[in-house]
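Structural characterization, general
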Amino acid sequence: MSALQPSELDRPALACGRPAAGADPKTASAALRRAEFGDRLRSLALAAPLLLLLALSFGIPIVLLLSRAVYDPTIADALPRTSQALGTWSGQGLPDDAAYIALAADLSNSQAKGTAYELAKALNARLPGARSQVLKTVRQLEGAAGKPPLEIMKAVPFWSAPGTWPTIANGTHALTSFYLLSALDLRWNADGGIERVPPEQAIFLQVFLRTFFVAAAVTLATLLLGFPLAYLIASVPKGLAAILIVAVLLPFWTSILVRTAAWTVLLQKFGLVNDLLLWLGFASERLDLMYSRIGLIIAMTHIQLPFTLLPIYSVMRTIAPSQMKAAYSLGAKPFTAFRRVYLPQVFPGVMAGCLLTFILCLGYYITPALIGGASDQLISNFIANYVNVELNWEMAAALSFILLVFTLALFGIFARILGLDRLKMV
């Protein structure tokens, strides 16, 4: 048998990314970097189909939707002549006759193209009552029969109202902050500053506060119910623990719509919940739990309980019981041992479960729609209304953007306090 040459012994080491003894450190380092780069490329190639699917089905649609919160070219595209005529307008008082004539020409052109209704709807979102006035003016221009357009325009009081022309001038810019400000109950005033809308028009901040309150209440309720149950499951024998886990996961076998519909039956005035409260003596008369906030919180707590419990349980089952026994043997009282030994180890699971439940509650739609009353609708119900009923995608995008910012800020606070590496979801 022939002896192996040193060069032959070195090759396997270099192929594995390890520098051989006596090799040039720079050459070995370059080979190591090439090997690591190749591994990264292979990993990226394997994940590329999934990343592409996520980008096409999730990332790009969301970006396009959120962009509509600041991009609305409807008015700018429909009123090009008016936009040009208002280029020299100071913004004070009423513009000159050329602006009226240009607006009449743009309205007639929109009617000819079939886009007059879209223009009326876009103006109505910024100036309530504009839709009927725009359509009325379009009809008058269409049946003018030789009457001068300037005379028709000035005969409609709406076009001489103080807030009409500033609204049109602001709408001739495709990029706008109108919808984002409206989502926060703010608006631009005549002096170019930002002010709050009148109290009777301020609704969105109240809805955001209501959404966060309901989400916080449900998160707290699931924690108070889920923590002891998770501790029980982690403490009992494995056979009984498996049965309890199946009982916790049982609601996942049905859709959220079915579970919510079941609660509409249970929470009726003559439903099982009221019967139970009367039988236990907790209430002297039947309560109105349907279409109320307390009923909404009860139903959402039942639906969200597994999402809070499972991360807590996943951490609890990794804690050895001998740790608590060791604390007792060292003289610690049960509560002290729990607080100083057990709870710090469970804390990442508690935070992860609470964060997951809170974020999911922010986007609830079906349960508030079926169980909550008119004053219990969450921000997701308003977003759905703007998309499905009013067809105002810009306002829906603005509300979605604000909700996304709040959610990311909350996640950032959790990550800052706890650290992402300590979050235990499963």
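Since the structure is predicted, the reported quantities are computational estimates derived from the model, not experimental observations.

Next up on the list: the overall build of the protein chain. When helices and strands are tallied, the protein chain shows 20 helices and 2 strands. Radius of gyration (C-alpha) of the protein chain: 32 Å, far over the 22 Å computed for a compact globule of 426 residues. With 426 residues in all, the protein chain has 37% of them scored as buried. Sequence-distant contacts in the protein chain: of pairs separated by 6 or more residues, those separated by 24 or more amount to 67%. Total accessible area on the protein chain stands at roughly 24,600 Å², and carbon and sulfur atoms take up 67% of it. Computing the positive centroid from 33 side-chain charges and the negative centroid from 24, the protein chain places the two 12 Å apart.

Turning to the UniProt feature "transmembrane region" (unreviewed entry) in the protein chain, a few remarks are in order. The UniProt feature table records "transmembrane region" (unreviewed entry) at residues 44-66, 212-234, 240-258, 265-282, 294-315, 346-366 and 395-418. Taken end to end, residues 212-234 comprises 100% helix and 0% strand; its first and last C-alpha atoms sit 31 Å apart. In residues 294-315, the share of helix is 100% and the share of strand is 0%. The end C-alpha atoms are 31 Å apart.

Within the largest apolar cluster, 35 residues are counted, with the highest numbers of intra-cluster contacts made by Val214, Met300, Ile379, Met395 and Leu399. If you list the elements that add at least two residues to this core, you get α10 (178-183), α11 (204-235), α15 (293-316), α17 (334-362), α19 (379-388) and α20 (393-418). In terms of residue count, α20 provides more of this core than any other element does, 9 residues in total. Apart from residues no more than four positions distant in its own chain, valine 214 is found in contact with Arg293, Leu296, Ile297, Met300 and Leu378. One finds Ala99, Ala120, Leu141 and Ile152 within the second-largest nonpolar core, a separate group that totals 27 residues.

The next subject is the UniProt feature "domain: ABC transmembrane type-1" (unreviewed entry) in the protein chain. In the UniProt entry, the feature "domain: ABC transmembrane type-1" (unreviewed entry) is given for residues 208-414. Between the end C-alpha atoms of residues 208-414 the distance is 20 Å, and the span holds 77% helix and 0% strand.

Quick look at the layout of surface pockets now. In this structure, the largest pocket encloses a volume near 1,500 Å³. In terms of lining residues, the largest pocket is bounded by 48 residues, among which Ala125, Arg126, Leu127, Thr167 and Phe178 are the most central. Listing elements by their share of the lining of the largest pocket, those giving two or more residues are α6 (116-126), α9 (164-171), α10, β1 (186-188) and α20. Take the lining of the largest pocket: its biggest share by element is 6 residues, from α6. Across the lining of the largest pocket, the residue classes tally to 20 nonpolar, 16 polar and 12 charged.

It is worth spelling out the packing of helix α13 (residues 256-266) against α15 at this point. With their axes 10 Å apart at the nearest point, α13 and α15 run at an angle of 140 degrees to one another. In terms of their interaxial angle, α13 and α15 are classed as oblique. When you trace α13 past α15, the crossing you get is right-handed. Between α13 and α15, the residues in contact are Ile256, Arg259, Thr260 and Trp263 and Ile298, Ala299, His302 and Ile303, respectively. Residue composition of the contact of α13 with α15, by class: 5 nonpolar, 2 polar and 1 charged.

The phi angle at tyrosine 291 is positive, at roughly 55 degrees, despite the residue not being glycine. Looking at where tyrosine 291 falls in the secondary structure, it is placed in the loop between α14 (272-280) and α15. Even without glycine at this site, leucine 391 takes up a positive phi of about 55 degrees. Looking at the secondary structure, you find leucine 391 in the loop between α19 and α20. Of the residues examined, leucine 391 reaches a relative accessible area of 46% and is grouped as partly exposed.

With that settled, consider the packing of α11 against α19. Direction vectors running N to C along α11 and α19 enclose 130 degrees, while the axes themselves pass 8 Å from each other. Relative to α19, the element α11 is oriented oblique. Note on element contacts: α19 touches α11 through Ile379, Phe382 and Tyr386, opposite Phe204, Val207, Phe208 and Thr211. Per-class residue counts for the contact of α11 with α19 are 6 nonpolar, 1 polar and no charged.

Turning to the pattern of salt bridges, a few remarks are in order. Two side chains carrying opposite charge are able to pair once their charged atoms lie near each other. For the structure on display, the rule yields 8 salt bridges. Arginine 81 is paired through a salt bridge with aspartate 106; the nearest N and O atoms lie 3.0 Å apart. Of the two residues, arginine 81 sits in helix α4 (residues 80-85) while aspartate 106 sits in helix α5 (residues 97-113), which places them 25 residues apart along the sequence. With a relative accessible area of 41%, arginine 81 lands in the partly exposed category.

Detail in the predicted coordinates should be disregarded across regions flagged by low pLDDT. Of all residues in the protein chain, 91% attain a pLDDT of 70 or more, and the chain-wide mean is 83. The secondary structure element of the protein chain with the lowest average pLDDT is helix α1 (residues 6-15), at 46, and the one with the highest is α11, at 93. A low-confidence stretch, residues 6-17 (pLDDT under 50), is modelled with 6 contacts involving residues beyond four sequence positions or located in other chains.

With respect to the helices and strands, glycine 349 occurs in helix α17. Along the primary structure glycine 349 and threonine 308 are separated by 41 residues, whereas in three dimensions their C-alpha atoms are 8.7 Å apart.

Turning next to α13. Three or more residues of α13 are buried, namely Arg259, Thr260, Trp263 and Thr264. Here the buried residues of α13 occupy an arc of 150 degrees about the axis, which is enough to place them on one side.

On to the packing of aromatic side chains, then. All chains considered together, the criterion is met by 12 aromatic pairs. For the pair tyrosine 100 and tryptophan 165, a centre-to-centre distance of 5.1 Å together with 65 degrees between the ring planes defines the contact as edge-to-face. Here tyrosine 100, found in helix α5, pairs with tryptophan 165, found in helix α9; they are 65 residues apart in sequence, far enough to count as distant. Take tyrosine 100 and tryptophan 165: they sit in the same class, and that class is buried. On the basis of an interplanar angle of 80 degrees and a centroid distance of 5.1 Å, the ring pair of phenylalanine 178 and tyrosine 179 is categorised as edge-to-face. Above the ring of tyrosine 100, the side-chain terminus of lysine 154 is found at 5.3 Å from the ring centroid.

About the cut-offs
Residues numbered from 1 in each chain as written. Predicted model: local features only at pLDDT ≥ 70, side-chain atom pairs only at ≥ 80, totals over all residues. Heavy atoms only, no water. Helix = DSSP H or I, 4+ residues; strand = E, 2+ residues; numbered from the N terminus. Rg over C-alpha atoms; globule rule 2.2 N^0.38 Å. Buried < 20%, exposed > 50% of the residue type's maximum accessible area, 1.4 Å probe, protein only. Contact = heavy atoms within 4.5 Å. Areas by Shrake-Rupley, 256 points an atom, 1.4 Å probe, with all protein chains shown as cover. Lys, Arg positive; Asp, Glu negative; His and termini not counted. Charge placed at Lys NZ, Arg CZ, Asp CG, Glu CD. UniProt positions renumbered as here; feature names shortened; annotations may be inferred. Core = buried A, V, L, I, M, F, W, Y, C linked by side-chain atoms within 4.5 Å. 1 Å grid on protein atoms, 1.4 Å probe; cavity = no way out; pocket = protein on both sides within 12 Å on 5 of 7 lines; lining within 4 Å. Points joined across faces, edges and corners; volume = space filled by probe spheres on them. Nonpolar A, V, L, I, M, F, W, Y, C, P; charged D, E, K, R; others polar. Axes fitted to C-alpha atoms, helices over the stretch in contact; angles between N-to-C directions. Parallel < 35°, antiparallel > 145°, perpendicular 65-115°, else oblique. Left-handed = near helix turned anticlockwise from the far one by under 90°. Salt bridge = Lys/Arg side-chain N within 4 Å of Asp/Glu carboxyl O. pLDDT = per-residue confidence, 0-100. Arc of directions from axis to C-beta. Phe/Tyr/Trp six-rings, centres within 6.5 Å; stacked < 30°, edge-to-face > 60°. Lys NZ or Arg CZ within 6 Å of the ring centre and 35° of its normal.

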